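Structural characterization, general
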Amino acid sequence: MKRPGGEAAWLALLLACGGGGGGGSPDGTPAPDAVDGGPEASEVLDGDAPSPDSGEPGGPEPGSCEPHAAPVPVRPEPRIPPTLPWLRVDGRDLVDEAGNPVALRGVNFGSWLLVESWIAGIGGMDEGGLLEALDAKAAELGVGDLLEAAKAETALEWTLEKTAHRVLVDRWRQRMVETAGEDRRDAVLALWAWFDGQPWVFEERSLWQWLERRFGPQGARDLRRAFQDHFITEADVEQVAALGLNAIRVPVFYLNLESDVKGPNAFDEEGFRRLDTLALWARKHRVYLILDLHGAPGGQSTASHTGLWDGGSLWERPECIARTARLWQALASYFAGDPHVAAYDLLNEPMSVQNAQQYQEVHDAIYRAIREVDPDHIVMVEDGYQAPGVLVSPREMGWENAMFSIHLYPDPPKTPGEYGAAMDRALKVAESYYEYSERYDCPLLLGEFNPETDAVWGPAAMDAALAALNRRGVHWTVWTWKFAWPGSMWGVMTKPPGAAAPVDVGEGTYEEVLAGFEGLDSAHFVVNTEYAGVLRGGGPGTGHGRDHDAVGTGRRARLSRRPARAGPRGPPGDPGALRGGPRERGGRLRLSEVHLRARRHREPDPRRGSGRGHGLDDGGRVPARRGERGARGGSLSDTAVSLAAGNR
């Protein structure tokens, strides 16, 4: 299911054209500032209704890329010695210290250190459900036409995802207030008073601000700690290793590593210690970590999975760029010398970057900050579903020890073979689409992917995809490890049938919310056995997660499997490569190829019916993986797949 930012929603918007609720303190008594039915009418009329960032009175006022010069944390000496060798880039291969090729095959620990409520089962409805309820409420109050007219004015921004959804929703509010006549003024006020009583918790920052308004700053901090303590534990790392996987991509929100308030700011020692503990588990269970800055200061995109309700401004704000570079320098200083950190994934899905100059300036600032303290770790950049002309490769930026990552979410398949063919087709297109040999010529990670189905053939679809990835020498991490709903490919671990309802952060007491977060421990989940069989062996294939070494990647299997050019790059491949594919026009793809693409949100709410997961393979040839968070789609991911498949 797509969120309102997806294809169905924007089409509905175009065709249609022609917060904080109540609660109590941790002891169960009503909080003095709890809101019952929303803001006063005068606040709504003035456009001052509470934003998702409205904080508890007396607490620090939330900021955005505020000045920050606090000392960086220092990592304690690890008490467990390394159990895996250093990795480095050698042409299109990742190799260990002895020069042996190593294939990364793993999962994402999605929704742990950057909460995505649809994955974790938090809240009574997803964003699409809430906005559908808003439509229904507006119709009930007789102001549906005013809401549709307000939507029409933002339809293009919504479609192209130029502005975050919550920001546009607030614009609808303002426009309705401006255009309402005296006869419908009270109805408009009633609509938005109702809306402000519903939990908008679709971004991590919005979630904790909502809980802070309900239970106070300390109550929200304690709930966040409980969630993070239970959602991922050592048992999860142990289980990943037991499946024969050797890599975990770790999405992280910047506010779990530092504060961002009006006033003094500092790094969050607890957040760094949590990553330190994970790195120790990685040593104990012999897996690598990929640190992924999923939500950067200011937000690298407008999608909810940046953790911000108003993201997308990183690229144009020097203060946000500086904070992002300094955060990465702090992480690099903290983990310098640790071979179990395979790579730094600098910015997840940089979808709001506008041009190659922005892309290079921001990424290069981060790279230079890292290299001042850490010359050894691999760094990684992503495509963000952008056209090739918006991207600048590590080679073109003069970087060393660097690789490239993409995410693929083709249209959900109807058969396993259809999904496997779509993924294989996308990889064929990638070689020519990115001019990979000439511009990149480095290892490739498929950092997120998922067949997006609850059908019984989902594991077979993943098996076909992983076979294609291994055959083409692509490293992979599937999306995602845990999914708090039963019977879905969105998680290797899922809730069992008949599991408890979502965590009710809207009306549940403090004790009920706490118990709900503690219930997200994997002890209360079950393994998707067919999916796990695909990764470990015993499923449709022979298991795709094992045999990580002794198998080459780039040198032995080019993306398109076309004959290699003259040079040391390995044996000729399959000459039947796909020719053509999407082409750039003026540095960008055509509107029909990119801007009107599906823009997946990887967020099908099971409360309205759907799910997602990840997987791995046993052959040992570098794979890749991952699901989505927020709106997606894009250059190769949706466009190349759809065009190559003849779906447009």
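Structural data are supplied above this passage.
Remember, predicted model here, so these are calculated numbers, not experimental data. (Residues numbered from 1 in each chain as written. Predicted model: local features only at pLDDT ≥ 70, side-chain atom pairs only at ≥ 80, totals over all residues. Heavy atoms only, no water.)

1. Observations concerning the sheet that holds strand β11 (residues 482-483)
Read from one edge to the other, the open sheet built from three strands follows the order β11-β12-β13, with strand pairing classed as mixed. For this open sheet the edge positions go to β11 and β13 (526-527), each flanked by a neighbour on one side alone. Both β11 and strand β12 (residues 493-494) contribute to a ladder of two bridges, which runs parallel. Note on β12: the bridge partner recorded for F483 is T494. (Pairing = 2+ DSSP bridges. Helix = DSSP H or I, 4+ residues; strand = E, 2+ residues; numbered from the N terminus.)

2. With respect to the sheet that holds strand β7 (residues 378-382)
Pairing is parallel in the closed barrel, where eight strands are placed in the order β3-β4-β5-β6-β7-β8-β9-β10. Along the sheet, successive strands turn relative to each other by an average axial angle of 30 degrees, direction set aside. Where strand β5 (residues 288-295) and strand β6 (residues 341-345) come together, four bridges link them in parallel fashion. Of the residues in β6, the one forming a bridge with L291 is Y344. (Axes fitted to C-alpha atoms, helices over the stretch in contact; angles between N-to-C directions.)

3. Section: the packing of aromatic side chains
Enumeration according to the criterion identifies 27 aromatic pairs in this entry. Ring centres of F109 and W481 lie 6.4 Å apart, and the angle between their planes is 50 degrees; on these two criteria the pair is classed as tilted. Here F109, found in the loop between β3 (105-108) and α3 (117-120), pairs with W481, found in the loop between β10 (475-478) and β11; they are 372 residues apart in sequence, far enough to count as distant. We note that F109, like W481, is buried. Taken together, a centroid distance of 6.4 Å and an interplanar angle of 65 degrees make the contact between W208 and F227 edge-to-face. The exposure class of W208 is buried, given its relative accessible area of 10%. Of the aromatic side chains, those joined through ring pairs into one cluster are F404, Y433, Y434, Y436 and Y440. The ring of W200 carries R166 above its face, with NZ or CZ at 5.1 Å from the centroid. (Phe/Tyr/Trp six-rings, centres within 6.5 Å; stacked < 30°, edge-to-face > 60°. Buried < 20%, exposed > 50% of the residue type's maximum accessible area, 1.4 Å probe, protein only. Lys NZ or Arg CZ within 6 Å of the ring centre and 35° of its normal.)

4. A few points about the side chain of S393
Inspection of the secondary structure assignment puts S393 in the loop between β7 and β8 (402-408). Looking at S393, its side chain comes within polar contact range of the main-chain oxygen of R439, at 2.5 Å. For S393, the residues in contact, after removing those within four places along its chain, are R439 and Y440. (Polar contact = N/O pair within 3.5 Å; in protein donor to acceptor, adjacent residues only side chain to side chain. Contact = heavy atoms within 4.5 Å.)

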